[in-house]
Amino acid sequence: MNIYQKFGLRKIINASGKMTVLGASAVHSEIAQALSAAAMDYVDIHELMIAAGKKIAQVTGAENGCPTAGAAPGIAIATAAVIAGENLALVERVPNTDGLKNEIILQKGHSVHFGASLPQMIALGGGKVVEVGQANHVEKDHILGAINEKTAALFYIKSHHAVQKGMQSLETMIAIAKERNIPILVDAAAEEDFKCYIAKGADIVIYSGGKALEGPTSGLICGREDLIKACHKQYKGIGRAMKVGKESIVGLMTALERYELKDDDSQGQMDRMNWLIQELAAVPGIKGALVQDEAGRAIYRAQLTVDEKITGISAITLAKELEAGDPAIYTRNYYANIGIINIDPRPLLLDQEKIIANRIREIMSKCKGKEEK
Ligand SMILES: *Cc1c(COP(=O)(O)O)cnc(C)c1O
């Protein structure tokens, strides 16, 4: 029985990804031990925040860092930082930023829902979102034309949630930001490369601690010294409503240390997914293929294409059946409407791909039975 079952909840197999709604990451025992040790003792929180910032800087190559309760709070805090700076009176006024430089320029295809609304997180930090261009088409002139004396920052999101075509590149946005002397903020919440955006010249980059880093529910901001100092200052303002606990900070620091030593496990992921594809090869109407992540990350998933004419059920129904079972299996369903479900190997615990293979076979044999009656 797992801890959640003890409290009357269902056991979940997460084949979906680093999903906040499913608890993001199941942490390594070393991180779990760090969390519990931190919870059982006292520390000067201010000193801990500074030490965490140094650790973040070390791993990201940025000048400094600031821990947060998640990437979403990171977006709000970083926005507040570029608008209010370290001025306490202004810090305490956020999200009311009337009369200040508060406009945040965002390409329309980047105005997305990542599980919550990105523009709302910017607004929470006092940013007035200025969307430029169209949902599938933005030109450099759209961005240049929106810049005025009220512009506080440019905002770029690197994510599979964003429109991938027709947007201006990060390099272009950085070049504009440098030329106009405006900070550029990057939401790279789920990205695996903790160095490249800083190296390219972003002023602030925001990551989730519970996604690629495989840490506890947490987040981090890294970037330019003056802006990071301003991020820390926001904990006297809106940051207080998004407080990151001492356990989470220590868990995040431990995850950062582990990340530096981590080997590439993509071969292991591929092996597990190829095994699953082989196992399902004999199931009529399900075609498996190994596919790389759509945003180009080193993630290899099993893509299962469901031919409804043969299986008698759609990919959407299959996903629902998997979720309805015990344990409940959550697959990656962004393309279920076109007959595709994906199995993400990263969050699977030992041998769970075997349970998934069995369950899919079971559901399919049941459907066939119905058809024949
Ligand atoms: C997940 C995600 C977030 C939110 O991250 P949390 O750590 O859950 O707060 C923000 N932006 C993007 C692009 C994400 O994928």
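Residues numbered from 1 in each chain as written. Predicted model: local features only at pLDDT ≥ 70, side-chain atom pairs only at ≥ 80, totals over all residues. Heavy atoms only, no water.

Chemist: Mind showing me how you'd approach the side chain of S159 here?
Modeler: The topology assignment puts S159 in the loop between β5 (151-157) and α8 (170-180). According to the relative accessible area criterion, S159 is buried, its value standing at 12%. A polar contact is formed between the side chain of S159 and the backbone nitrogen of H161, at a distance of 2.9 Å. Among all residues touching S159, those that are not within four sequence positions of it are Q164 and E191. (Helix = DSSP H or I, 4+ residues; strand = E, 2+ residues; numbered from the N terminus. Buried < 20%, exposed > 50% of the residue type's maximum accessible area, 1.4 Å probe, protein only. Polar contact = N/O pair within 3.5 Å; in protein donor to acceptor, adjacent residues only side chain to side chain. Contact = heavy atoms within 4.5 Å.)

Chemist: Please clarify how the domain arrangement of the chain should be interpreted in this entry.
Modeler: How big an interface is tends to be expressed through the accessible area that disappears when the partners come together. The assigned domain composition of the chain is domain 1 (3-21 + 264-372) and domain 2 (42-261). Domain 1 puts 10 residues into the contact, and the matching count from domain 2 is 9 residues. A buried area of about 770 Å², summed over both sides, lies between domain 1 and domain 2, and 49% of it is on carbon and sulfur atoms. Area buried by domain 1 at its contact with domain 2 is led by K18, A295 and R297, which between them contribute 64% of it. Scanning the region where domain 1 abuts domain 2 turns up 1 salt bridge. Measuring nitrogen to oxygen at the nearest pair gives 2.8 Å for the salt bridge that ties K18 to E214. (Domains from an automatic or database assignment. Buried area = accessible area lost by both parts, 1.4 Å probe. Salt bridge = Lys/Arg side-chain N within 4 Å of Asp/Glu carboxyl O.)

Chemist: Teacher, can you tell me more about the pairing of strand β10 (residues 300-306) here?
Modeler: Looking along a regular strand, one sees the side chains alternate between the two faces of the sheet. In terms of burial, β10 is largely enclosed, as 5 of its 7 residues are buried. Across 7 bridges, the pairing between strand β9 (residues 286-292) and β10 is antiparallel. Note that in β10 the partner of V291 across the bridge is R301. Bridging between β10 and strand β12 (residues 340-343) involves 4 bridges; their strand directions are antiparallel. Along β12, the bridge assignment pairs L304 with I341. (Pairing = 2+ DSSP bridges.)

Chemist: Even after reading the chapter, I still don't get the site of the ligand, so can you show me in this structure?
Modeler: The immediate surroundings of the ligand are formed by 13 residues, with A71, A72, D187, S208 and K211 found nearest. At 2.8 Å, a backbone N or O of A71 approaches an oxygen atom of the ligand. The protein chains hide 90% of the 380 Å² of surface that the ligand would expose on its own. Among the elements that line the shell around the ligand, the one with the most residues is helix α4 (residues 71-84), at 3 residues. Split by residue class, the shell around the ligand holds 6 nonpolar, 5 polar and 2 charged. (Near = heavy atom within 4 Å. Areas by Shrake-Rupley, 256 points an atom, 1.4 Å probe, with all protein chains shown as cover. Nonpolar A, V, L, I, M, F, W, Y, C, P; charged D, E, K, R; others polar.)

Chemist: Looking at this structure, I do not really get the pattern of salt bridges. What am I missing?
Modeler: A side chain of one charge can pair with a side chain of the opposite charge when the charged atoms of the two come close. Summed over the entire model, instances satisfying the criterion amount to 21 salt bridges. When the shortest N-O distance is used, the salt bridge between K366 and E321 registers 3.2 Å. Taken together, the positions of K366 in helix α15 (residues 352-372) and E321 in helix α14 (residues 315-324) put the pair 45 residues apart, joining distant regions of the chain. Judged by its relative accessible area of 45%, K366 falls in the partly exposed class. Relative accessible area serves as the criterion here: at 30%, E321 is assigned to the partly exposed category.

Chemist: Honestly, the pairing of strand β11 (residues 328-331) in this entry has me stumped. Any pointers?
Modeler: The alternating pattern of β11 places A328 and Y330 and I329 and T331 on opposite faces, both of which are buried. When strand β1 (residues 12-15) meets β11, the two strands line up parallel, connected through 4 bridges. Within β11, the position partnered with A15 by the bridge is T331.

Chemist: Where do I start with the nonpolar core in this structure?
Modeler: Nonpolar side chains in soluble globular proteins generally cluster together in the buried interior. Grouped together as the largest cluster of nonpolar side chains are 45 residues, with contacts concentrated most on V82, F155, I204, I221 and C231. If one sorts the elements of this core by residue count, α4 sits on top with 11 residues. Core analysis: the next-biggest nonpolar cluster, separate from the first, contains 37 residues, L170, M173, A188 and A212 among them. (Core = buried A, V, L, I, M, F, W, Y, C linked by side-chain atoms within 4.5 Å.)

Chemist: What should I look at first to understand the environment of G17 in this one?
Modeler: Mapped onto the elements, G17 comes out in the loop between β1 and α2 (29-39). Taking the C-alpha atoms as reference points, G17 and R301, separated by 284 residues in sequence, lie 9.9 Å from one another. Aside from chain neighbours lying at most four places away, what touches G17 is A24, R332, D344, R346 and P347.

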